[in-house]
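# Descriptive analysis of the structure
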Amino acid sequence: MFELFRAKQTLRFMKYSKPASWFSILLIVGSLATLSINWLNWGLDFTGGTLIEVGFEQPANLTEVRATLAEADFGDAIVQHFGSSHEVMVRLAPREGVKGEVIGTNVLNALQQADFGQVDMRRIEFVGPNVGDELAEDGGLAIIIALICILIYVSARFEWRLAMGSVFALAHDIIITLGVFSLFQLEFDLTVLAALLAVVGYSLNDTIVVFDRIRENFRLLATSTPEDIVDQSLTQTLSRTLITSGTTIFVLVSLFIFGGALIHGFATALLIGIFVGTYSSIYVASSSAIRLGISRDHMIPEVVEKEGADQEAIL
Amino acid sequence: MLNKYPMWKYVLLGFIVLISLLYAAPNLYGEDPAIQVSATRGAKVELATLDKVQSILEQAGISPKSAALENGQILVRLKTSEDQLVARENISSSLGDGFVTALNLAPSTPAWLEAIGGGPLKLGLDLRGGVHFLMEVDMDEAVVKAQEQMVQDLRSDLREEKIRFRGIRKDSSTTGVLLRFTDQDTLDKAVDFLKPRNAGFEFTDKVEKDEYVLTIAMTELKLKSIKEDALQQNLSILRNRVNELGVAEPLVQRQGIDRIVVELPGIQDTARAKEILGATATLEFHPVDSVTDVNDALAGRLPSSSVIYKERNGRPVVVKKQIILTGNHIVDAQSSADEYGRPQVNISLDSKGGSKMSRFTKNNIGKPMATLFIEYLPTGKKKANGKLEIKKREEIANVATIQAQLGRSFRITGLDNAAEAHNLALLLRAGALIAPIQIVEERTIGPSLGEQNIDNGIKAMTYGMLAVILFMFVYYRKFGVVANTALLFNIVMIIGVMSMIPGATLTLPGIAGIVLTVGMAVDANVLIFERIREELRAGKSVQKAIHEGYANAFSTIADANITTLITAIILFAVGTGPIKGFAVTLAIGIATSMFTSIFGTRAIVNAVWGGRNNIKKLSI
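The written sequence of each chain sets the order in which its residues are numbered from 1. Key to labels: chains lettered from A, ligands numbered from 1, both in the order written. Residues qualify for local features only when their pLDDT is at least 70, as the model is predicted, and side-chain atom pairs are given and counted only at 80 or more; totals for whole chains, interfaces and linings, by contrast, use all residues.

### With respect to the overall build of chain A
Each helix is a run of DSSP H or I of at least 4 residues and each strand a run of E of at least 2, with the numbering of both proceeding from the N terminus. Within chain A, the regular secondary structure consists of 10 helices and 6 strands. Radius of gyration: over C-alpha atoms. The globule rule applied is 2.2 Å multiplied by the number of residues raised to the 0.38 power. The C-alpha radius of gyration of chain A comes to 25 Å, more than 25% above the 20 Å expected for a compact globule of 315 residues. Seen through its C-alpha atoms, chain A measures out along the principal axes to roughly 80 × 45 × 45 Å. Around each residue's C-beta, the other C-beta atoms within 10 Å are counted; 20 or more make the residue buried, 12 or fewer make it exposed, and counts in between make it partly exposed. All C-beta atoms are placed from the backbone. Evaluated residue by residue, chain A yields a buried proportion of 48% over its 315 residues.

### Quick word on the domain arrangement of chain A
Bear in mind that the domain bounds are from an automatic or database domain assignment. Domains assigned within chain A are domain 1 (13-42 + 131-299) and domain 2 (49-127). Domain 1 of chain A and domain 2 of chain A are separated by 39 Å when their C-alpha centres are compared.

### Details of unusual backbone geometry
Although it is not a glycine, Gln185(A) adopts a positive phi angle of roughly 50°. Among the structural elements, Gln185(A) can be located in the loop between helix H6 (160-183) and strand E6 (187-188). The exposed category is assigned to Gln185(A), around which 12 C-beta atoms lie within 10 Å. The phi dihedral of Arg477(B) falls on the positive side, at around 50°, and the residue is not glycine. Within the secondary structure, Arg477(B) is located in helix H13 (residues 447-500). Residue Arg477(B) is classed as partly exposed on the basis of its C-beta count, with 15 C-beta atoms lying within 10 Å.

### Quick word on the pairing of strand E10 (residues 211-218) of chain B
Regular strands place their side chains on alternate faces of the sheet. Residues and elements named next belong to chain B. Judged by which residues are buried, E10 turns out to be one-sided: Tyr212, Leu214, Ile216 and Met218 face inward and are buried, whereas Glu211, Val213, Thr215 and Ala217, on the alternate face, are not. Here, any two strands with at least 2 DSSP bridges between them count as paired. As paired strands, strand E8 (residues 176-181) and E10 are joined by 6 bridges and run antiparallel to one another. Within the sheet, the bridge partner assigned to Val177 lies in E10 and is Ile216. As paired strands, strand E9 (residues 201-208) and E10 are joined by 8 bridges and run antiparallel to one another. The partner of Phe203 across the bridge, within E10, is Ile216. Between E9 and E10, which follow one another and run antiparallel, lie 2 residues, and Lys209 among them has a positive phi close to 50°.

### Some thoughts on the confidence of the model for chain A
Every residue gets a pLDDT, meaning the predictor's confidence in that residue, from 0 to 100. Counting all residues, the mean pLDDT for chain A is 84, and 91% of those residues have values of 70 or more. Confidence scores differ between elements of chain A, with helix H10 (residues 296-299) of chain A showing the lowest mean pLDDT of 75 and helix H1 (residues 17-38) of chain A the highest of 93.

### What to know about helix H1 (residues 7-24) of chain B
Residue and element names in this part refer to chain B. Compared with the 26 Å implied by 1.5 Å per residue over 18 residues, the 26 Å span of H1 between its first and last C-alpha is a close match. Those residues of H1 lying buried are Ser20, Tyr23 and Ala24. Buried residues along H1 cover an arc of 105° about the axis, so they all sit on one side. Seen from the buried face of H1, the exposed residues on the opposite side, beyond 90 degrees, are Met7, Trp8, Val11, Gly14, Phe15 and Leu18. Once C-beta atoms have been placed from the backbone, residue pairs whose C-beta atoms lie within 7 Å are recorded as contacts. Where H1 is buried, its residues contact H13. Under the convention used throughout, the expected extent of a helix is 1.5 Å for every residue step, that is, one less than its residue count. Taking the helix axis as origin, the arc is that swept by the directions to the C-beta atoms.

### Focus on the sheet that holds strand E2 (residues 66-70) of chain B
Residue and element names in this part refer to chain B. Spatially, E2-E3-E1-E4 is the arrangement adopted by the 4 strands of the open sheet, whose pairing is antiparallel. With one partner strand each, in any of the chains shown, E2 and strand E4 (99-107) form the two edges of the open sheet. Pairs of neighbouring strands in the sheet enclose a mean axial angle of 25°, with direction left out of account. Sheet topology note: the E2/strand E3 (residues 73-77) ladder contains 5 bridges and is antiparallel. Bridging from a neighbouring strand, Leu69 pairs with Ile74 of E3. Helix axes are fitted to C-alpha atoms over the stretch in contact, other axes to C-alpha atoms as well, and angles between N-to-C directions run from 0 to 180 degrees. The sheet contacts of helix H2 (residues 47-59) involve strand E1 (31-39), E2 and E3, and relative to E2 the element is tilted by about 160°. In this fold helix H3 (residues 81-95) packs onto E1, E3 and E4, with an angle of close to 10° to the strand it touches most, E1.

Printed below as a string of structure tokens:
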């Protein structure tokens, strides 16, 4: 048997729960601080405006591109490479009195008429300012609804203390992932929002596996303290946690490297989320459940036997 | 005996494997460059058209793979994309007006697969290139127009009824109309008269200084129906125009209460698309010139007061230049059936239009009247002064005999069938656009970017999967091979299911969703295998360990996956476009991965190891 990790005895995770809590609080405060100072680098989906991605035959000189655009009265354009030196992304804020959908075509014309050789249109996006605001609102709402639904489901399946623990962990993961995006001013677009919700799903996955074991052990081991039970459960599930995080990180790294520039934000958010989520299912979720006073009594009376336990297994 | 599946479970598994493979199979066949010929108003695609297309191709020296008439469209499959361009050039110039020739990629799915509903995955715009518009209907304008309409109608109604009022104006603070009277009696009379005629309005009166003010406001319900009508009207007009563009598989769909999504795959020239979508149309009612003979008119003997227009089937009609009424007086037009089930179109005019119509029809009972539809379409070319060249297209939509003196609402009968009635109502409504629309979001993806996105997605998936497969093999040995088999089959199943569901489209975030599923799908197997290892360590027998491993891991796996499914559903509900695509693949991936990694692997494990009591060690 080849094993990544083998514990001879139970690892004392909860011994470090205090410093871990401080560490988490520090990260959260830090994230909130950078969010309140820098907020997020909102992508076009949320700010509105026009984005033009063009492909050049030769590596493009950004200074020349900027100069050409300034001549065509687009001096305020943000010009940067996108993916490779042949691709250039031009972004413009919404303008008063000018129809946004016209700007894209005008920028493209300006570049095609200048002396850059062949210039291909790769993508033009125009988003009206109101649409962006709505998207941001809907996105925030989606995350809150997701958290509430999960709170209800986990409460029903487990116990409210565990449910609270898992929701704390999720909020922790989302805030820290947002914090990293804010600190490094990574662009926050719709795919990142989708990734955040996927992080919610993933991190919860991890937490539930641990909680399931905690519940089982509370029922099996009559005498242990809650800390003991949590430590044992975490130890028993640790290799699974590491392996699943590992395989997920494999595919995400592959997505980050090969998936192209459009998917970078998505992959980045999930990579951060998975690191933080793995940590939080150990320290945030379990230790807050302990702090909320979880005990054996909470697990025993509710005879929520596993569904279909009295029937013959179908699998 | 432990760990033995009954035969029916294998049969079921085999059946599901087969179905998935079958529906995933069309994706292996690729696509043919093709040309799609469809008819616009005024023409019909017939067998004769097909013959003509074939002879055009022959003349151009192109031998197509196939050419067939299906669902009123001609689909010509070609061997190369060079052929495709030449063929389109020739067909569109030779067939002329009335036909739209569009470039298309037709899936070369074999006929037997197509017969059972098989077809390749539908790709989102970010993968195939094209343009996406989000348009917003100006609802404020729709309400203001309805208010103005009310003012006009109420004024003429009250005048007709000889109820005197001091003034009438639209109330800008609410969605209603203010009527001022000199005394309470007249106000009451007005209320008694108007109330039964105006359902959907709320009447309130108050005394202001020495005036008696009556407020007639639209109810919430009425307001909602006005907005709904404005949206529906725009929706049907856009559908019509999109068909004119000749795009293969366009999408026109409402989104929320005031938005419309238009997706045009393969279109690069967004300027032209926007012009056509924004084209204006109008209607005119003309008296038919029944004195002049049509053949004389065609021969040039046409009185200066008349003109010749053509009907949609090409039949010429001589009409007088005199305009009875223009389309902007049309408030509504609906197709329905009369008491005998015959199709008809009910038309409502505003008060001005009503009195014009009434005046004209009074002296012309028994005479025919023609409805002329005029559309201003940009040709896509520019005039010398840089302005866009606009083409005016006129066509007689209908000729009807005036049966009686007509008023504000009347109907056109004598239509051939319900479809014609529906079409006519659509045209009549198009003449009177209630609410303007504007583009609030536009995304154009070039074809090269689309292809690159597909390449990137496939590359990311392949390498990610290879890493996972390698790891699982090294770590779990034979059981790893079992998990990998399930993983590969999971991919086939996702593709099969996505190809099967009509509404599912694959987008770039959707590919990311599949890639993510690959990473997370093995989780179920990791949970099971770790559990089996634990049971073995606890000294249980091999068979018992396998059994308990699966049994104990099941509820954990179910809980973990259901919560992820919740997030996928929420994403689907709030997301748009590509994000919806992500949610769909994520949800399908969760379902299929649970099936393959629990049921699928167990079937293999049971077949290989199950029921054998001589096994001392497991390769796990």
